[in-house]
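Spelled out from the first residue to the last, the chains are:
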Amino acid sequence: MRSIVPAGVLTAALLAAHSSESADDIRPVPFKTAAKLADQLMLPSPHQTRIGGWLGERVLNNERNRLVKVDLEPLLAGFRQRPGSHPWIGEHIGKWMHAATLAWAYTGDAELRQKLDYAAAELIKTQEPDGYLGTYVPGQRFGLYRGADWDVWSHKYNLMGLLTYYQYTGNPAALEACRKMGDLLVRTFPAQKSILAAGTHVGMAATSVLEPMALLYRHTGDERYLDFCRYIVAAWDEPEGPKIIATLLAERQVNKTANAKAYEMLSNLVGLCELARATGDRQLLEPVLIAWQDIVDKRLYLTGTASQGEHFREDHDLPNDSAAHVGETCVTTTWIQLNSQLMRLTGEACFGDQLEKTWLNHLAAAQRPDGAQWCYFTALEGVKPYGPGISCCVSSGPRGMAMVPQHACLIRPAANAAEADALVVNLFGPGTFSSMLYGGVVTIEQQTDFPHSGHVTMVVKEGGPKRFAVQVRAPKWAELIAMTVNGEEVPAAADKGWIRVPARQWLSGDKLEFELRVGARIILGNHGNVGRAALAWGPLVLAYDMNQSPQHEAPALLVLGEVRGRPQLVLRSPPGEPLRWEAMVRSVRQPEPHPAVFVPFADAGADGGRYQVWLRAPGEALPQADSLSAFMPESRSREGNVAGSVTDGDASTFVVTFDGRPAQEDWFAVEFDAPVTVGRVTFAHGQTFHDGGWFDTSGGKPEIQIKRGSDSPWESVARLDAYPATTAIDSQGLKPGQAFTSPLPQLVRAVALRVVGKPASGDNPRQAFSSCAELQVFAP
């Protein structure tokens, strides 16, 4: 068990070539070239901050259950033995190093530092004499070859990982490896070819190396790297280029820029910010701000992510379901990076608003609460597809989470010697912050039980007397109730998104207290969510969690209830326990208002159950039945491990019979309130998995069986002949929700109906299971 390092304390095992130093001696390596566009808000070193509470636990879980435990050997294998196992295997070690360095600089974890040193040393060993540090064979480098078209992209992430590692360790070998990569890129583009010829997605994958090349310039002062950055920007306007700046200035829409690929475009915009900082060219920020505003206005989900199917789509086209491939985690993380850049460069609070929204909601929702696994896509309804293994998103998510501590409290440097620095509060959870302000070091402790309440006490723990101002972000979800210093009220009105407390002399033990109104919010849907509503508590977007609710009702059955015309939302969990709210709902099966459980969207579905953010709004009618079986009681041969429904009219929900065991027969059944006349039956496939999820029809098609009375035996009345000719290991390409209808040879009266078949095993013959999304019954 690793201990949490107190604020201001950081220990590390340095490389053998470095002498052992105390944490207070470890500081980020200063840039050799100063920024020409100064940051309005300065990030602290990660070790200067310690955050607690719900978000703080997520940050620690990211380090202790993911980053420390990643197997580095598959990430290094493609460099040691080229070619790698797939075209973009080279991106993952750099992503891991970026996240792991920030995490180590935050916690001081010796095990993680040892792993970082090993990763850096082993990666650098594979660098070729000319500087090449990719995973492709000679003859297939820096081009768009089949299976070898992400070379610059991989070098980009190696640069990011090694530069971050160098920044916090001072290891000169890491910087030298980056120089060699930079020199190779400078020699290759454009002298040998256009950089667009080495990048997918209209060249945007390759040109996103802009960010680390600008950082390499600032670390070395080598003007060639800055010239290369300017070349990249010019290359955007080549005949086949993405024309990022030109299109954003003309069209003002990201979905009309290049091929609208969200991850790569955002990465280039992050690079533009870094180039603006390096050159002082403020005009470079204009297209970035245009893109940001377009995303916020038309393409941003309530939970703080963007994209479906990895692209920016049409205005307000924001579907909720998993089939739309919502919110790629790479996009979510790069959106965080962009808002961090803009917050630093402009000092404006609106970017802090977006950071809070995304960290507390969509990025945390993509992370399994224990931190061990991540989702590639994270829909606003459905079942979360957490996964380990190697993918771009599993590698990206930890980077976004590792960035949190540096953005809890920041410093606004004084404009001149006559003014005072300001401590800037951006996140409202508990924690400590230690920083060098004008005149010396000061340590602040932030005490709160947020989000249970919005009361925050900031105590000067040591370092006084010091003169500084305080600025607190005024969040959109709350209003300031009161602010006091040592019990005396101070005037504190919001100004451009900040609540400003004038500079004063602070002594050890001084207290700044403020209270934000935290409570229930209802958000009425528009565009694709007309007639729906979502519940929120302060900045947290909530979701109905089917497994947590006592009735276990499918979300499609529900309408948010009202108490005296308002939704009722009550926080039921005390501080320190998992967050749970109770709200009133109505349902098809229980029309009178009754309680249901809501949890943070980030925690919803953590146990594999179904969840949903947008429900039918208060006052909306209950859903109507199309099928005779709609909303009727259902059952199956084995309970399985997915909590969906086959009678809710929603083919995106499904159930399975998986229990890790073999079976010769599975069935999915529905019961009727009274005998019904059946003329045809539709069975919709649930989902195909590598180890089953479908019926094996090699011995016969699934059968339709009925019960004529409550005490009657099951009898076969038809077969599901439309079901494909599958085997135990071959699903014949079955798609989620794919429906098969069979008319009955003659009308029958029934009180129950089921579909019976043999479950499939896929690649694991030691077990077998099947799935079903819908079982619909129709009259003639």
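Residues numbered from 1 in each chain as written. Predicted model: local features only at pLDDT ≥ 70, side-chain atom pairs only at ≥ 80, totals over all residues. Heavy atoms only, no water.

Draft legend 1. Expanded view of the overall build of the chain. The number of helices and strands found in the chain is 15 helices and 32 strands. For 780 residues, the compact-globule estimate of 2.2 N^0.38 gives 28 Å, and the C-alpha radius of gyration of the chain, at 28 Å, lies within 12% of that figure. Summarising its shape, the C-alpha atoms of the chain cover approximately 90 × 70 × 55 Å along the three principal directions. Just so you have it, the chain exposes about 29,200 Å², and 51% of that area is on carbon and sulfur atoms. Taking the average location of the 73 positive side-chain charges in the chain and that of its 84 negative ones, the two points are 2 Å from each other. (Helix = DSSP H or I, 4+ residues; strand = E, 2+ residues; numbered from the N terminus. Rg over C-alpha atoms; globule rule 2.2 N^0.38 Å. Areas by Shrake-Rupley, 256 points an atom, 1.4 Å probe, with all protein chains shown as cover. Lys, Arg positive; Asp, Glu negative; His and termini not counted. Charge placed at Lys NZ, Arg CZ, Asp CG, Glu CD.)

Draft legend 2. Expanded view of the packing of helix H12 (residues 285–299) against helix H14 (residues 349–366). Orientation of H12 relative to H14, taken along the N-to-C sense of each, is 50°, at an axis distance of 13 Å. Here H12 is positioned oblique relative to H14, judged by the angle of their axes. In this structure, H12 meets H14 at a crossing whose hand is left-handed. For the pair H12 and H14, contact is made by Leu289, Trp292 and Val296 and by Cys350, Phe351 and Gln354, respectively. Looking at the contact of H12 with H14 residue by residue, the class counts come to five nonpolar, one polar and no charged. (Axes fitted to C-alpha atoms, helices over the stretch in contact; angles between N-to-C directions. Parallel < 35°, antiparallel > 145°, perpendicular 65-115°, else oblique. Left-handed = near helix turned anticlockwise from the far one by under 90°. Contact = heavy atoms within 4.5 Å. Nonpolar A, V, L, I, M, F, W, Y, C, P; charged D, E, K, R; others polar.)

Draft legend 3. Representation of the layout of surface pockets in the model. The volume enclosed by the largest pocket comes to roughly 1,500 Å³. Lining the largest pocket are 50 residues, and of these Leu43, Pro44, Gln167, Tyr168 and Gln406 lie nearest its centre. Breaking the lining of the largest pocket down by element, the ones donating at least two residues are helix H3 (91–107), helix H5 (151–169), helix H8 (210–220), helix H11 (262–279), helix H13 (329–346), strand E7 (431–437) and strand E8 (440–447). Of the residues forming the lining of the largest pocket, the biggest block, six residues, is contributed by H5. Here the residues of the lining of the largest pocket sort into 23 nonpolar, 17 polar and ten charged. Each pocket or cavity is described by its volume, and for the second largest pocket that value is around 1,100 Å³. If you go around the second largest pocket, you meet 36 residues; those closest to its centre are Val383, Lys384, Pro385, Gln687 and Phe689. Considered class by class, the residues forming the lining of the second largest pocket number 18 nonpolar, 13 polar and five charged. (1 Å grid on protein atoms, 1.4 Å probe; cavity = no way out; pocket = protein on both sides within 12 Å on 5 of 7 lines; lining within 4 Å. Points joined across faces, edges and corners; volume = space filled by probe spheres on them.)

Draft legend 4. Looking closely at the sheet that holds strand E12 (residues 488–489). If you walk across this open sheet you meet the seven strands as E1-E7-E8-E9-E15-E11-E12, and the pairing is antiparallel. Looking along the sheet, the strands with just one partner apiece sit at the ends: strand E1 (49–51) and E12. When strand E11 (residues 480–485) meets E12, the two strands line up antiparallel, connected through two bridges. Counted as the bridge partner of Val485 is Glu488 from E12. (Pairing = 2+ DSSP bridges.)

Draft legend 5. The pattern of salt bridges, seen in detail. By the definition in use, this model includes 36 salt bridges. Measuring nitrogen to oxygen at the nearest pair gives 3.5 Å for the salt bridge that ties Arg230 to Asp227. Of this pair, Arg230 and Asp227 both sit in helix H9 (residues 223–235), three residues apart, roughly one helical turn. The shortest N-O distance in the salt bridge between Asp666 and Arg638 comes to 3.0 Å. (Salt bridge = Lys/Arg side-chain N within 4 Å of Asp/Glu carboxyl O.)

Draft legend 6. Seen up close, unusual backbone geometry. Of note, the bond from Phe189 into Pro190 is cis; its omega dihedral lies within 30 degrees of zero at -5°. Residue Pro451 follows Phe450 across a cis peptide bond; omega there is 10°. Tracing the backbone through its elements, the reader meets Pro451 in the loop between E8 and strand E9 (455–462). In this structure, His201 takes a positive phi of about 55° despite not being glycine.

Draft legend 7. Quick look at helix H2 (residues 73–80). Those residues of H2 not exposed but buried are Leu75, Leu76, Gly78 and Phe79. Looking straight down H2, one finds that the buried residues subtend no more than 150° of arc, so they occupy a single side. Buried-residue contacts for H2 involve H3, helix H4 (110–125) and H5. (Buried < 20%, exposed > 50% of the residue type's maximum accessible area, 1.4 Å probe, protein only. Arc of directions from axis to C-beta.)

Draft legend 8. Layout of empty space enclosed by the protein. On inspection of all chains with the given rule, the structure shows six cavities of 30 Å³ or more. For the largest cavity, the calculated volume is near 290 Å³. Lining the largest cavity are 25 residues, with Gly52, Leu427, Phe428, Gly429 and Pro430 positioned closest to its centre. Per element, the largest residue contribution to the lining of the largest cavity is four residues, and it comes from helix H1 (residues 53–67). Looking at the lining of the largest cavity, its residues break down into 14 nonpolar, eight polar and three charged.

Draft legend 9. Region of the structure containing the nonpolar core. Counting 201 residues, the largest nonpolar core has Trp96, Leu162, Ile195 and Phe598 as the members making the most contacts within it. The element that contributes the greatest number of residues to this core is H11, accounting for eleven residues. Once you skip the residues sitting within four places of it in the chain, Trp96 turns out to touch Leu67, Val70, Leu72, Leu75, Leu112, Lys115, Leu116 and Ala119. Counting 29 residues, the second-largest nonpolar core is a separate cluster that includes Met632, Trp694, Phe740 and Cys772. (Core = buried A, V, L, I, M, F, W, Y, C linked by side-chain atoms within 4.5 Å.)

Everything listed is a geometric property; what it means functionally is a separate question.
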